[in-house]
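Coordinates in review
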Amino acid sequence: MFNREKSDVKHVPMMPVRDMVIFPEMMHPFIVGREASVRALEDALAGDKKIFLVTQHDASVDDPKPEEIYQVGTLANIVQSVKLPDGNIKVLVEGSERAKIVQITNDEGFFRASIRVVTSKSEPSPQLQQASERVTGLFEQYVKLSQSLNYDTMIAAVRVEDPGKLSDAISANLQIPVEEKQELLELFEPLERLNRIADILEVEIEKLNVDRSINTRVKRQMERAQKEYYLNEKLKAIQKELGRGEANEIEQLKKKIEISGMPEGPQEKAMQELKRLEMMPPMSAESTVSRNYLDWLLAVPWKKKSKEIRDIKRAETILSEDHYGLEKVKDRILEYLSVRQLVKNPKGSILCFLGPPGVGKTSLAMSIGRATGRKFVRVSLGGVRDEAEIRGHRRTYIGALPGQIIQMMRKAGTTNPVFVLDEVDKMSMDFRGDPSAALMEVLDPELNHAFTDHYLDVEYDLSKVMFICTANVLHTIPQPLQDRMEVLRIAGYTEHEKHQIATKYLIPKQIEATGLTKDQIIFTPEAVSSTIRHYTREAGVRSLNRELANISRKVARKVVTEGKDVKVEVTPANLNEFLGILKYRDFSAEKKNEIGLTTGLAWTEVGGEVLSTEAMLMEGKGRLTLTGKLGDVMQESAQAAMSYIRSRSQSLGLPKDFYRHLDIHMHVPEGAIPKDGPSAGITICTSIVSALTQIPVRCDIAMTGEITLRGKVLPIGGVKEKLLAAHRLGLHTVILPKDNEKDLADIPMEIRSQMSIHFVESMDEVLQLALEHPLPSPVIPPVGGVETKFGSDVAQDNELTN
């Protein structure tokens with residue numbers, strides 16, 4: 001039988017202890033050093049010498065809070081205390097009773113606890129007697145196997161009749177973690193405590209038996225190792241006498257392999273290669289191959305990592321310092337860093353920056369390296385057509401080397417660099433293999449932890465690398481490779497963004513590069529805007545940077561020839577002195593509404609552009625002629641537009657057989673440049689309707705959209721680039737398909753506020769908006785047309801449609 005009696009609440013000084021648990025009836029010495037603990041001890045010594053000792057959860061915490069302390073401890077008597085020269089106090093205590101904390105106060109500079117002592121009385125029973133005998137026998141076995149406990153002392157300590165005292169004596173001498181001892185202290189019933197101790201002793205005895213067998217085996221191995229060491233030392237002495245110094249080199253390689261941090265597989269491979277090297281004649285060609293292989297294995301980082309900076313605010317500051325705008329990309333990078341703070345070992349990230357040239361894809365990757373504190377390496381894949389450039393050559397070939405991935409990892413020197421794969425869309429393939437297929441293993445987070453280079457021929461972990469790919473277009477990248485990357489689109493900059501980039505980044509950079517001062521050259525805001533409008537026409541800022549460098553060089557020459565006191569202010573009035581005549585005129589200048597001339601919008605690899613379409617009528621037999629180096633898709637769009645017009649001839653005010661006596665010639669200027677894609681459908685249709693009805697098309701409106709035979713307008717791609725192109729060229733009214741309304745979220749607010757965008761679902765709505773006045777009643781159109789002019793370089797229009 002077990003009876004637990006609860007006593008009245010006592011108020012005593014409390015001292016948190018660490019790395020130990022005090023049991024009742026046990027003597028325990030320890031040193032007190034913490035200021036609060038010293039005060040609690042002094043208060044107890046000044047009173048009845050009773051102090052409540054309780055274990056804290058975390059031993060590394062110097063100043064624990066009440067919630068960081070266990071609730072059950074031992075009320076102890078201070079037997080002896082000695083003050084040491086260093087100010088600490090050595091104290092010997094004897095546990096008396098278990099107690100539970102009721103309340104803790106900390107008003108006097110130390111903890112004072114209100115505790116309730118838990119006393120227990122157990123009546124003799126067969127179960128208690130049996131449990132006591134079992135525990136005593138197990139403890140004797142435990143002491144015999146343990147090398148750190150004195151057998152005679154321990155056996156004498158546990159020769160007690162009371163089951164409660166027996167269990168506490170054994171608990172105090174068990175070599176188990178503090179948490180398990182605390183668990184035993186919190187068991188108030190002696191029988192339950194004895195059963196728990198028996199379970200622990202059985203596990204510990206099994207561990208000690210295993211340790212003993214391991215120690216015996218280790219001892220034998222050490223004897224064998226000592227014998228091998230003796231023989232190796234003798235062999236070294238013989239080799240030294242024979243004048244062979246390569247043994248020392250082999251030993252150095254062996255030490256490097258051991259401390260390199262290689263996983264088990266690569267290390268085993270390296271040791272095998274080292275043994276082969278040791279058996280080869282030093283001057284043989286094969287030994288050079290083996291030595292080079294070992295050098296590469298040792299040169300690649302296996303465990304060294306850059307200490308990553310995970311400060312979000314610092315990263316945000318660095319990204320803003322280096323780049324203006326690009327908010328979506330910056331947000332994604334900051335999200336990645338936030339995840340790194342919450343997850344200890346996240347998988348590496350594979351991003352793909354997609355955008356036209358000059359928008360800052362590569363420099364943004366460099367900023368990421370600086371913001372995260374990682375090493376930065378870059379490899380250009382433009383023109384790479386050999387799979388061995390990625391995976392390396394096998395060692396059977398003379399002059400074989402690892403691939404670019406392993407070479408760049410060696411250059412980085414760490415296992416977690418920012419690795420940029422530049423121009424990933426410009427790889428090609430031939431009979432030597434497809435490098436884009438080899439990249440699939442590199443850029444797959446599920447596979448790149450075991451990347452195998454043909455030269456190293458061992459698994460190498462790339463999972464900690466942050467891969468960033470850059471590309472101008474997506475359609476040249478194989479679909480399986482696209483599937484492995486997170487594509488972040490970086491569209492062209494608006495005029496406002498270019499102005500800010502020039503003012504904050506490009507101009508200070510060029511002033512510093514040409515050795516000028518801020519007083520010697522001043523760019524007015526109007527001059528910067530004029531340079532952007534009349535001397536550059538691009539999605540990025542590379543040409544703008546070149547023009548600003550051109551101005552800075554001319555001012556530098558003036559400073560050298562005329563003296564350092566020269567001050568030059570660059571304004572729109574004197575801009576042509578530095579850059580010559582205007583390269584580009586405003587698109588809307590000298591323009592008027594004309595028949596058969598429609599302005600369209602196109603997507604190109606370098607951003608958006610304006611696409612012009614001309615239509616002319618001639619006497620003939622209903623033939624449709626298409627010129628301007630149009631692709632198959634664009635020609636089919638023209639055929640679809642013509643079929644739509646014929647089917648709607650009456651509603652358009654045209655005779656049913658108008659096409660029998662007329663030939664229609666449709667032309668897109670800049671005839672040397674290939675053009676393709678379905679988004680010119682409504683542009684072509686509008687031009688032909690205008691020519692047939694002799695109604696001019698509004699010159700201040702641009703349009704893009706795919707047309708169906710029923711006259712429906714389908715969605716198209718590249719909306720942001722196309723709208724930026726229209727804004728750049730002064731076209732502020734645009735017709736877009738209704739289904740593209742969702743894409744307006746990507747358009748900067750300063751652009752949207754300046755533009756009037758009409759969303760249409762049918763060709764009837766397009767004609768109502770684009771033609772100068774409503775369609776007339778049915779008439780027979782006169783023969784002839786108006787030749788028109790359209791100007792803008794257009795590359796392939798390859799966007800994906802619905």
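Above this text is the structure in question.
Residues numbered from 1 in each chain as written. Predicted model: local features only at pLDDT ≥ 70, side-chain atom pairs only at ≥ 80, totals over all residues. Heavy atoms only, no water.

1. What to know about the packing of aromatic side chains
Each aromatic ring pair is specified by the distance between its two centres and by the angle formed by the two planes. Operational definition: We call Phe, Tyr and Trp rings a pair once their centres come within 6.5 Å, taking the six-membered ring for Trp, and we label the pair stacked below 30 degrees between planes, edge-to-face above 60, and tilted otherwise. Labels follow the DSSP assignment, with helices taken as runs of H or I lasting at least four residues and strands as runs of E lasting at least two, numbered in each case from the N terminus. Using a 1.4 Å probe on the protein chains alone, a residue whose accessible area is under 20% of its type maximum counts as buried, one over 50% counts as exposed, and one in between counts as partly exposed. For a lysine, the NZ atom is tested; for an arginine, the CZ atom; a charge sits over a ring if that atom is within 6 Å of the ring centre and within 35 degrees of the ring normal.
Enumeration according to the criterion identifies five aromatic pairs in this entry. When the ring of F419 is compared with that of F467, the centres are 5.4 Å apart and the planes differ by 40°; the resulting orientation is tilted. Taken together, the residues F419 in strand β9 (residues 418–422) and F467 in strand β12 (residues 466–471) connect sequence positions 48 residues apart. There is no split in this pair, since F419 and F467 are both buried. Lying across the ring of Y293, R395 places its NZ or CZ 3.8 Å from the centre. Just above the ring of W296 sits the side chain of R410; from NZ or CZ to the centre is 4.4 Å.

2. Some points on the side chain of S367
So the rule is basically this: Any N or O atom pair separated by 3.5 Å or less is treated as a polar contact, with the protein-specific requirement of one donor-capable and one acceptor-capable atom, and with residues adjacent in sequence counted only for side-chain atom pairs. Residues count as neighbours in contact if any of their non-hydrogen atoms are within 4.5 Å of one another.
Structurally, the position occupied by S367 is in helix α12 (residues 361–372). Relative accessible area serves as the criterion here: at 3%, S367 is assigned to the buried category. A distance of 2.7 Å separates a polar atom in the side chain of S367 from a polar atom in the side chain of D322. Beyond its immediate stretch of four places on either side in the chain, S367 contacts I318, L319, D322 and H323.

3. As for the pattern of salt bridges
Worth spelling out the cut-off: One speaks of a salt bridge when a side-chain nitrogen belonging to Lys or Arg is within 4 Å of a carboxyl oxygen belonging to Asp or Glu.
Evaluation of the coordinates by the stated rule reveals 27 salt bridges. Here E183 makes a salt bridge to R196, at a shortest N to O gap of 3.3 Å. Residue E183 is found in helix α5 (residues 178–185), and its partner R196 is found in helix α6 (residues 190–241); the two are separated by 13 residues along the sequence. Classification of E183 by relative accessible area gives partly exposed; the value is 37%. Its salt-bridge partner being D457, residue K269 comes within 3.4 Å of it at the nearest N-O pair. Placement of the pair is K269 in helix α8 (residues 264–279) and D457 in the loop between β10 (451–452) and β11 (459–460), with a sequence separation of 188 residues.

4. With respect to the nonpolar core
This is how the line gets drawn: To qualify as a nonpolar core, a set must consist of buried Ala, Val, Leu, Ile, Met, Phe, Trp, Tyr and Cys residues joined through side-chain atoms within 4.5 Å.
Grouped together as the largest cluster of nonpolar side chains are 50 residues, with contacts concentrated most on F419 and L421. Among the elements that make up this core, the one with the highest residue count is helix α14 (residues 404–412) (five residues). Residues L319, A502, V570 and L579 belong to the second largest nonpolar core, which totals 48 residues.

5. Re the sheet that holds β9
Note the cut-off: At least two DSSP bridges between two strands are needed for those strands to be called paired. Interaxial angles span 0 to 180 degrees and are taken between N-to-C directions of axes, which are lines fitted to C-alpha atoms, for helices over the stretch in contact.
A sheet is described by the order of its strands in space; here five strands give the open sequence β8-β9-β12-β7-β13, paired in parallel fashion. Looking at strand neighbours, the two that pair on one side only are β8 (376–380) and β13 (486–489), the edges of this open sheet. In this sheet, neighbouring strand axes are inclined to one another by 20° on average, regardless of whether the strands run parallel or antiparallel. One ladder, built from five bridges, connects β8 with β9; its direction is parallel. By the bridge assignment, F376 is partnered in β9 with V418.

6. Re a nonpolar patch on the surface
Quick note on the threshold: Within this analysis, patches are made of residues with over 30% relative accessible area and no salt bridge. Like charges are joined at 9 Å or less; nonpolar side chains (Val, Leu, Ile, Met, Phe, Trp, Tyr) at 5 Å or less. What sets the accessible areas is the Shrake-Rupley method with a 1.4 Å probe; for residues, cover comes only from the shown protein chains.
A cluster of nonpolar residues, V210, I214, V218 and M222, forms a patch on the protein surface that exposes about 310 Å² of accessible area. In this structure, V210 sits in helix α6. You can call V210 partly exposed: its relative accessible area is 42%.

7. Thoughts on helix α11 (residues 327–342)
For clarity, the threshold we go by: Helices are assigned an expected span. That span is 1.5 Å times one less than the residue count.
The end-to-end C-alpha distance of α11, which contains 16 residues, comes to 23 Å, matching closely the 22 Å that a straight helix rising 1.5 Å per residue would cover. Residues of α11 that are buried in the fold lie against α10 (312–322), β7 (350–354), α12, β12 and β13.

8. Side note on the packing of helix α17 (residues 495–513) against helix α18 (residues 525–535)
Short version of the rule: Put simply, a crossing is left-handed when the front helix is turned counterclockwise from the back one by less than a right angle, and right-handed when it is turned clockwise.
Direction vectors running N to C along α17 and α18 enclose 115°, while the axes themselves pass 10 Å from each other. In terms of crossing hand, the pair formed by α17 and α18 is right-handed. On α18, the residues touching E495, K498, H499, A502 and I507 of α17 are P525, V528, S529, I532 and R533.

9. Concerning the environment of P402
In this fold, P402 is placed in the loop between α13 (388–391) and α14. Classification of P402 by relative accessible area gives buried; the value is 3%. Put simply, P402 and I368 are 34 residues apart on the chain and 27 Å apart in space, counted from C-alpha to C-alpha. In this structure, P402 is in contact with W296, G392, Q407, D453 and Y455, ignoring residues within four places of it in sequence.

10. Structural notes on the pairing of strand β23 (residues 733–737)
Regular strands place side chains that alternate from one sheet face to the opposite one. Of all five residues making up β23, five are buried, and the element is well covered by its neighbours. Of the two faces of β23, the one carrying T733, I735 and P737 and the one carrying V734 and L736 are both buried. Here strand β20 (residues 701–703) runs beside β23; their pairing, made up of three bridges, is parallel. Across the sheet, M703 pairs through a bridge with I735, a residue of β23.

11. Description of helix α1 (residues 35–46)
Operational definition: Each C-beta atom gives one direction from the helix axis, and the arc is the one those directions make.
Taking 1.5 Å as the rise per residue, α1 with 12 residues should run 16 Å; its terminal C-alpha atoms sit 17 Å apart, in good agreement. Those residues of α1 not exposed but buried are S37, V38, A40, L41 and A44. Around the axis of α1, the buried residues are gathered within 165° of arc, so they sit on the same side. Exposed side of α1, more than 90 degrees from the buried face: E35 and A46 are the residues found there.

12. Describing unusual backbone geometry
Of all residues except glycine, most have a negative phi; of all peptide bonds, most are trans. Positioned with a positive phi, K49 is a non-glycine residue whose angle comes to about 60°. Turning to its location among the elements, K49 is positioned in the loop between α1 and β3 (50–55). Unusually for a residue other than glycine, Q694 sits at a positive phi of about 60°. By secondary structure assignment, the location of Q694 is in the loop between α22 (681–693) and β20.

13. Remarks on a negative patch on the surface
Keep this limit in mind: Counted as positive: Lys and Arg. Counted as negative: Asp and Glu. His and the chain ends are not counted at all. Where a charge lies is defined by one atom per residue type: Lys uses NZ, Arg uses CZ, Asp uses CG and Glu uses CD.
Taken together, the side chains of E316, E327, D331 and E335 make up a negatively charged region of the molecular surface. A total of three residues in the negative patch trace back to one element, the largest contributor, which is α11. Inspection of the secondary structure assignment puts D331 in helix α11. Residue class for D331 comes out partly exposed when judged on its relative accessible area of 41%.

14. Here's the deal with the state of the cysteines
A covalent bond between the sulfur atoms of two cysteines is referred to as a disulfide. For the record, the criterion: Disulfides are defined in this document as cysteine sulfur pairs within 2.5 Å.
Inspection of the entire model under this criterion finds zero disulfides. C352 takes part in no disulfide bond, and the closest cysteine sulfur, belonging to C469, lies 5.5 Å away.

15. Some details on the packing of helix α21 (residues 632–647) against α22
Operational definition: Orientation labels follow simple angle bins: below 35 degrees gives roughly parallel, above 145 gives roughly antiparallel, 65 to 115 gives roughly perpendicular, and whatever is left gives oblique. Here the term charged refers only to Asp, Glu, Lys and Arg, the term nonpolar to Ala, Val, Leu, Ile, Met, Phe, Trp, Tyr, Cys and Pro, and the term polar to all other amino acids, Gly among them.
Where α21 contacts α22, the two axes come as close as 9 Å, and the packing angle between them is 45°. One finds that α21 runs oblique with respect to α22. In terms of crossing hand, the pair formed by α21 and α22 is right-handed. The residues of α22 that touch α21, namely those facing M634, S637, A638, A641, M642, Y644 and I645, are G681, I684, C685, I688, V689 and L692. Looking at the contact of α21 with α22 residue by residue, the classes come out as 11 nonpolar, two polar and no charged.

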